[in-house]
Amino acid sequence: MDSTGIQPNSAPKAAISELTETLGPNGVLTTPEDCARYATDQSGLAGTPPLAVLRPASTEEMSQLMAICHRHALSVVPQGGRTGLSGGASCPAGVVAVTTERLTGVIEIDEEAMTLTAWAGTPLETVQEAARAVGLEYCVDIGARGTATIGGTIATNAGGIRVLQRGMTRDNVLGLEAVLADGSVISRLAKTVKDNAGFDLKHLFIGSEGVLGLVTRAVLRLHRQVPGTATALLALPDHAAALHCLNLARSMFGGRIVAFEGMWPDYWDFVCRETTLTSSPLADRYGFYVLIEIDAETGRAEEELEALFTELFEQGIALDGVLAKSGAEAQALWKLREAVGEVDDAFGPHINFDIGVSPSALGQFCEAADARLATLPEAGAVLKVGHIGDGNVHLLVAHDGRDISEDRIESVIYELVRDWHGAVTAEHGIGRIKARWIGCSRSPEELTLMRGLKAQLDPHGLLNPGALFAAPDAACHEIALKQP
Ligand SMILES: Cc1cc2nc3c(=O)[nH]c(=O)nc-3n(C[C@H](O)[C@H](O)[C@H](O)COP(=O)(O)OP(=O)(O)OC[C@H]3O[C@@H](n4cnc5c(N)ncnc54)[C@H](O)[C@@H]3O)c2cc1C
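Analysis parameters
- Residues numbered from 1 in each chain as written.
- Predicted model: local features only at pLDDT ≥ 70, side-chain atom pairs only at ≥ 80, totals over all residues.
- Heavy atoms only, no water.
- Helix = DSSP H or I, 4+ residues; strand = E, 2+ residues; numbered from the N terminus.
- Buried < 20%, exposed > 50% of the residue type's maximum accessible area, 1.4 Å probe, protein only.
- Polar contact = N/O pair within 3.5 Å; in protein donor to acceptor, adjacent residues only side chain to side chain.
- Pairing = 2+ DSSP bridges.
- Axes fitted to C-alpha atoms, helices over the stretch in contact; angles between N-to-C directions.
- Domains from an automatic or database assignment.
- Contact = heavy atoms within 4.5 Å.
- Buried area = accessible area lost by both parts, 1.4 Å probe.
- Salt bridge = Lys/Arg side-chain N within 4 Å of Asp/Glu carboxyl O.
- Nonpolar A, V, L, I, M, F, W, Y, C, P; charged D, E, K, R; others polar.
- Phe/Tyr/Trp six-rings, centres within 6.5 Å; stacked < 30°, edge-to-face > 60°.
- Near = heavy atom within 4 Å.
- Areas by Shrake-Rupley, 256 points an atom, 1.4 Å probe, with all protein chains shown as cover.

Once that is clear, we can look at the environment of Asp238. Relative to the helices and strands, Asp238 resides in the loop between β12 (228–236) and α8 (239–253). The exposure class of Asp238 is partly exposed, given its relative accessible area of 37%. Distance in space between the C-alpha atoms of Asp238 and Arg451 is 42 Å, their sequence separation being 213 residues. Side-chain polar atoms of Asp238 contact the backbone nitrogen of Ala241, separated by 2.9 Å.

In structure tokens:
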């Protein structure tokens, strides 16, 4: 043991037997079949089965296991529902996985403060349902809601379909508890809306992808459930018309636009015509499609959307549209947008970009990306769909499955992102897949500061190694950012 208390060469075996003593047999899985199940997430990145899977059932157990791992210099990969799309929960060789699957449940709902306190491993949908049962809402919502956990959505600062109205996960967390690499616990499960007593440390952990600490519990901000919603699909000539439509909708409905999602014709044709994933409710083909949902206290949401339709048709902006007349019809419209979660098999090998740019520039950015990709022999079909009110496009680019093709396509797109002062990931996170591209979104000075914070909180680099910050020997793309 050196002066830091770390035993750098201690065999993982010794650490795992100490962990089993502490967590009990139910708290540690070591069979090859069990470990194989926790090797990776939904990113498609091939992971390595961890040496063991640790399943703490309390903050105290999480703290004890981290202290043991710290003493034995054993690296850990935090895991929630493993629905992540960036490989952040995928295991490199020689680590243990720490899953929050036994840290589940809603702890408390405070209807007056409009907060819900939950364990980190609670599925997002369980939290949404618990809030709805008392007439309130937890407004973070993503397609993977049934499996993604509160801890995972916090660690990735998940976005999703309600960001326009309610913000990212960061905007919906009031208090947080996290365990650091050495086992110390930072707990501030506060319900305070206003608290300026120094740095707001919870923001360090939100979006930190498990490299600074393990989230164990959180206090979430709820909103009053609004009784009426209306959902519609609009066919438009292009992205510029969609922005016009968004501005008009804002002037009519203010903050009542729940979602404003965009689908380019390449995506639309793929999910409605080239595959059987879903089917088009419209007879013709158009230049752009928008799914809009609004809410209303009065039960007049449908009428209000009709008024938007009328105005858009009169102005010659809307070309066709469908207004859902029932919950089932609304769900069928949502299926058009959420089918992106099912394209993987049908589309073959592809890169799933998650780009963020200024909402007003998104259409032009996509045109520029299409033009660059058209010149690349390595790039195949392109599908574009996204949260256009937030300036976030999911750009799926097919290729021949070779690493070299992936690398070429990524350089072209991420250099474009850098030139447009955008984000290489708007919501899915950097994980392991995008770690070497972070320099296209962050300046060297920002990266130095981030690495300094990591070194302060996790001096031995044990928390989620290789995620967010690329391994030292990886070819990184820390391209100097041009100032706007
Ligand atoms: C069909 C589908 C739709 C999706 N839609 C969206 C979307 O609209 N918007 C969006 O933002 N994402 C979306 N995602 C991505 C994914 O669901 C989110 O990133 C989600 O937040 C991950 O939660 P998880 O519990 O599965 O975390 P995991 O995948 O297990 O982990 C994700 C990251 O968080 C870390 N982590 C997990 N739990 C903890 C913890 N308790 N403490 C510290 N670190 C932790 C992991 O190490 C990893 O780096 C989608 C995924 C799928 C499969």
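Don't stop here, the text continues.
Within the open sheet, the five strands sit side by side as β5-β6-β10-β8-β9. Their pairing is antiparallel. The sheet terminates laterally at β5 (106–110) and β9 (185–188), the two strands that pair on one side only. Neighbouring strand axes in the sheet, compared pairwise and without regard to direction, differ in orientation by 15° on average. When strand β8 (residues 173–179) meets β9, the two strands line up antiparallel, connected through four bridges. What sits directly across from Val179, in β9, is Val185.

The next thing to look at is the domain arrangement of the protein. Domain boundaries assigned for the protein yield domain 1 (12–99), domain 2 (106–224), domain 3 (228–341) and domain 4 (348–442). In this structure, domain 2 and domain 3 have C-alpha centres spaced 30 Å apart. With seven residues of domain 2 at the contact, the number on the domain 3 side is 13 residues. For the pair domain 2 and domain 3, the two sides together bury roughly 740 Å², of which 46% comes from carbon and sulfur. When the buried area of domain 2 at its contact with domain 3 is split by residue, Ile161, Leu164 and Gln165 rank highest and sum to 72% of it. At the surface where domain 2 touches domain 3, the tally comes to two salt bridges. Notably, a salt bridge pairs Arg224 with Glu297, separated by 2.5 Å at the nearest N-O pair. Residues of the side of domain 2 that touches domain 3, tallied by class, amount to two nonpolar, two polar and three charged.

So, about the packing of aromatic side chains. Inspection of the entire model under this criterion finds eight aromatic pairs. Aromatic pair Trp264 and Phe288: ring centres 4.8 Å apart, planes at 80°, arrangement edge-to-face. Here the residue Trp264 occupies a position in the loop between β13 (257–263) and α9 (265–274), and Phe288 occupies one in strand β14 (residues 288–296), the gap between them amounting to 24 residues. Phe288 shares its class with Trp264; the two are buried. Relative to Tyr414, the ring of Phe353 has its centre 5.2 Å away and its plane inclined at 75°; by these criteria the two rings are edge-to-face. Note that Phe353 is positioned in strand β16 (residues 350–356) and Tyr414 in helix α14 (residues 403–419), a separation of 61 residues in sequence. Across the pair, exposure class does not vary: Phe353 and Tyr414 are buried alike. Put simply, the rings of Trp268, Tyr286 and Tyr289 pair up and form one aromatic cluster.

Moving on, we get to the pairing of β8. In terms of burial, β8 is largely enclosed, as seven of its seven residues are buried. As paired elements, β8 and strand β10 (residues 214–221) share six bridges and run antiparallel to each other. Bridge pairing in β10 places Leu176 opposite Ala218. Hairpin geometry of β8 and β9 is characterised by an intervening segment of five residues between the two adjacent antiparallel strands and by a positive phi of about 95° at Gly183.

With that settled, the discussion passes to the sheet that holds strand β4 (residues 96–99). If you walk across this open sheet you meet the four strands as β1-β2-β4-β3, and the pairing is mixed. Of all the strands in the sheet, just β1 (28–29) and β3 (76–79) have a single pairing partner and so form its edges. Pairing between β3 and β4: four bridges, direction parallel. Bridged to Val76 within β4 is Val96. Across the face of the sheet, helix α3 (residues 59–71) comes into contact with β2 (53–54), β3 and β4 while running at roughly 165° to β4.

Quick look at the site of the ligand now. In the vicinity of the ligand there are 34 residues, among which Pro78, Gly80, Thr83, Gly84 and Thr149 approach most closely. Between the ligand and Arg82 there is a distance of 2.8 Å, counted from an oxygen atom to a backbone nitrogen or oxygen. With respect to the ligand, the side chain of Thr149 contributes an N or O atom lying 2.7 Å from an oxygen atom. For the ligand, whose free accessible area comes to 980 Å², the fraction covered by protein is 93%. Of all the secondary structure elements, the ones that give two or more residues to the shell around the ligand are β3, α5 (150–155) and β10. Its residues placed into classes, the shell around the ligand shows eleven nonpolar, 20 polar and three charged. Two domains each donate at least three residues to the shell around the ligand, and these are domain 1 (12–99) and domain 2 (106–224).

Okay, the packing of α9 against helix α11 (residues 327–338) next. α11 packs onto α9 with a crossing angle of 115° between their chain directions and a minimal axis gap of 9 Å. Taken together, the residues of α11 that come into contact with α9 (itself represented by Tyr267, Trp268, Val271 and Cys272) are Leu336, Arg337 and Glu338. Grouping the constituent residues of the contact of α9 with α11 by class yields five nonpolar, no polar and two charged.

Okay, the pairing of strand β6 (residues 115–119) next. With five of five residues buried, β6 is to be regarded as a mostly interior element. For β5 and β6, the ladder comprises four bridges, and the chain directions are antiparallel. From the neighbouring strand, Val106 faces β6, where its bridge partner is Ala118. Count of turn residues in the β5/β6 antiparallel hairpin: four residues, of which Met114 carries a positive phi of about 55°. In the sheet, β6 pairs with β10 via five bridges, with the strands oriented antiparallel.

Quick look at the side chain of Thr122 now. Structurally, Thr122 is set in the loop between β6 and α4 (124–132). A polar contact of 3.0 Å, which involves the side chain of Thr122, links it to the backbone nitrogen of Gly105. A polar contact of 2.7 Å, which involves the side chain of Thr122, links it to the backbone oxygen of Trp119. Ignoring anything within four residues of it in the chain, the contact list for Thr122 reads Leu103, Thr104, Gly105, Val127, Ala148, Thr149 and Ile150.

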